[in-house]
Amino acid sequence: MLRFASLASGSDGNCLVAEARDATRATRVLIDCGLNLTDCERRLARLDLAPADIDAILVTHEHGDHAYGVFGFAAAHNVPVFLTYGALQALRDEGKVVEGVKVNIITSREPAAIDAMEVHPFTVPHDAREPVQYVVSDGASKLGVLTDIGTSTVHVEQKLSGLDALVLECNYDLDMLWAGPYPKWLKQRIAGPFGHLDNRQSERLLSVIDRSRLKHVIGAHLSQQNNKPELARAALARAMNCEESWIGLATQDEGFGWRELV
Ligand SMILES: [Zn+2]
Ligand SMILES: [Zn+2]
């Protein structure tokens, strides 16, 4: 059994929890932790989890909204951290690595096993040192998480084909971004090939992958400044050819509640 939920999603902090369960054990990981320790603990409790329930933290990349709380949580609760060599070096350069925390280097070339969970990191184009995103599995069902990617690639589309659940970035609406208050350099960064996906890019990505097994599609990492939930939801619903109400959305304050794949 695989289930997952989000503690927070957006430019102020991202944190997702995934749990793989077999006959004898349950393995729970955080994917990113862009929250401070108190906030993370409080939001875990909302999902009926204690920090001691977390077996590992998987990091996508070093940006603060994903990595801010990683080493603090890991040190406080003796949890190992899985990340790429590039992400580790970037966090070390910023003084964010806490000595004594168990660190496991992962690469997009080979999957990792954490007890009952299979972890498949894959490379994405984003303006970080060695960014990856993840597909996790209990051996039967697969969940893909894709945020912080400037442009889709064939590699990414292969990795996301045949999933049972997908959490997909819908960062901005292109017209809202250009008409909005951000400085020009920031608009160009967000909309550039190493920035983020807008609603139309996410719609296109979803429309080209194998969607035949998808039971959950959730829009994530929505900009509060440059997007509207209804625009993101409509874009993903067009790609799925489904009712808009079927599409889930992750929010900054609430994330989203447990979703289950049996
Ligand atoms: Zn981000
Ligand atoms: Zn980022």
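Here the structure is a predicted model, which means the values were calculated and not measured.

Caption draft 1: Highlighting the packing of helix α8 (residues 199-208) against helix α9 (residues 229-240). Closest axis-to-axis distance for the α8/α9 pair is 8 Å, and the angle between their directions is 20 degrees. The orientation of α8 with respect to α9, classified from their angle, is roughly parallel. Our pair here, α8 against α9, has a crossing hand that is right-handed. Taken together, the residues of α9 that come into contact with α8 (itself represented by N199, S202, E203, L206 and S207) are L231, A232, A235, L236, R238, A239 and M240. Here the contact of α8 with α9 is built from residues that sort into 7 nonpolar, 3 polar and 2 charged.

Caption draft 2: Representation of the coordination of the zinc ion (ligand 2) within the structure. The zinc ion (ligand 2) binds to the protein through H61 (NE2), H63 (ND1), H126 (NE2) and D148 (OD), with metal-donor distances spanning 2.2 to 2.3 Å. Considering all 4 donor atoms around the zinc ion (ligand 2), the spread of angles at the metal, 92 to 167 degrees, places the coordination shape in the irregular class. Binding-site remark: the zinc ion (ligand 2) is held by donors from one chain whose sequence spacing is H-x1-H-x62-H-x21-D. Here the zinc ion (ligand 2) and the zinc ion (ligand 1) are spaced 3.7 Å apart, and both take D148 as a donor. Of this pair, H61 sits in the loop between β4 (56-58) and α2 (64-67) while H126 sits in the loop between β8 (117-123) and β9 (132-137), and the two are 65 residues apart along the sequence.

Caption draft 3: Structural context of the environment of Q188. With respect to the helices, strands and loops of the structure, Q188 is situated in helix α7 (residues 184-191). Between the C-alpha atoms of Q188 and T38, which are 150 residues apart in sequence, the distance is 34 Å.

Caption draft 4: Main features of the sheet that holds β9. The 7 strands are arranged β7-β8-β9-β10-β11-β12-β13 in an open sheet whose pairing can be described as mixed. Pairing within the sheet leaves two strands with one partner each, and these edge strands are β7 (112-114) and β13 (248-249). Sheet analysis places β7 next to β8, joined by 3 bridges and oriented antiparallel. Bridging from a neighbouring strand, I114 pairs with M117 of β8. Each of β10 (142-146), β11 (165-169) and β12 (216-220) touches α8; the most contacted strand, β11, lies at about 155 degrees to it. Against the sheet, α9 contacts β11, β12 and β13, and its axis sits at roughly 145 degrees relative to β12.

Caption draft 5: Structural context of the pairing of β9. Of all the 6 residues making up β9, 6 are buried; the element is thus mostly covered by neighbouring parts of the structure. The alternating pattern of β9 places V132, Y134 and V136 and Q133, V135 and S137 on opposite faces, both of which are buried. Here β8 runs beside β9; their pairing, made up of 6 bridges, is antiparallel. Counterpart to T123 in the pairing with β9 is V132. As paired elements, β9 and β10 share 4 bridges and run antiparallel to each other. What sits directly across from Y134, in β10, is V145. In this structure, the hairpin formed by β9 and β10 is closed by a connection of 4 residues, where G139 is found at a positive phi of approximately 100 degrees.

Conventions adopted
- Residues numbered from 1 in each chain as written.
- Chains lettered and ligands numbered in written order.
- Predicted model: local features only at pLDDT ≥ 70, side-chain atom pairs only at ≥ 80, totals over all residues.
- Heavy atoms only, no water.
- Axes fitted to C-alpha atoms, helices over the stretch in contact; angles between N-to-C directions.
- Helix = DSSP H or I, 4+ residues; strand = E, 2+ residues; numbered from the N terminus.
- Parallel < 35°, antiparallel > 145°, perpendicular 65-115°, else oblique.
- Left-handed = near helix turned anticlockwise from the far one by under 90°.
- Contact = heavy atoms within 4.5 Å.
- Nonpolar A, V, L, I, M, F, W, Y, C, P; charged D, E, K, R; others polar.
- Donors = N, O, S within 2.8 Å, 3.2 Å for Na, K, Ca; no water.
- Tetrahedral: all angles 85-135°; square planar, octahedral: opposite > 155°, others 65-115°.
- Pairing = 2+ DSSP bridges.
- Buried < 20%, exposed > 50% of the residue type's maximum accessible area, 1.4 Å probe, protein only.

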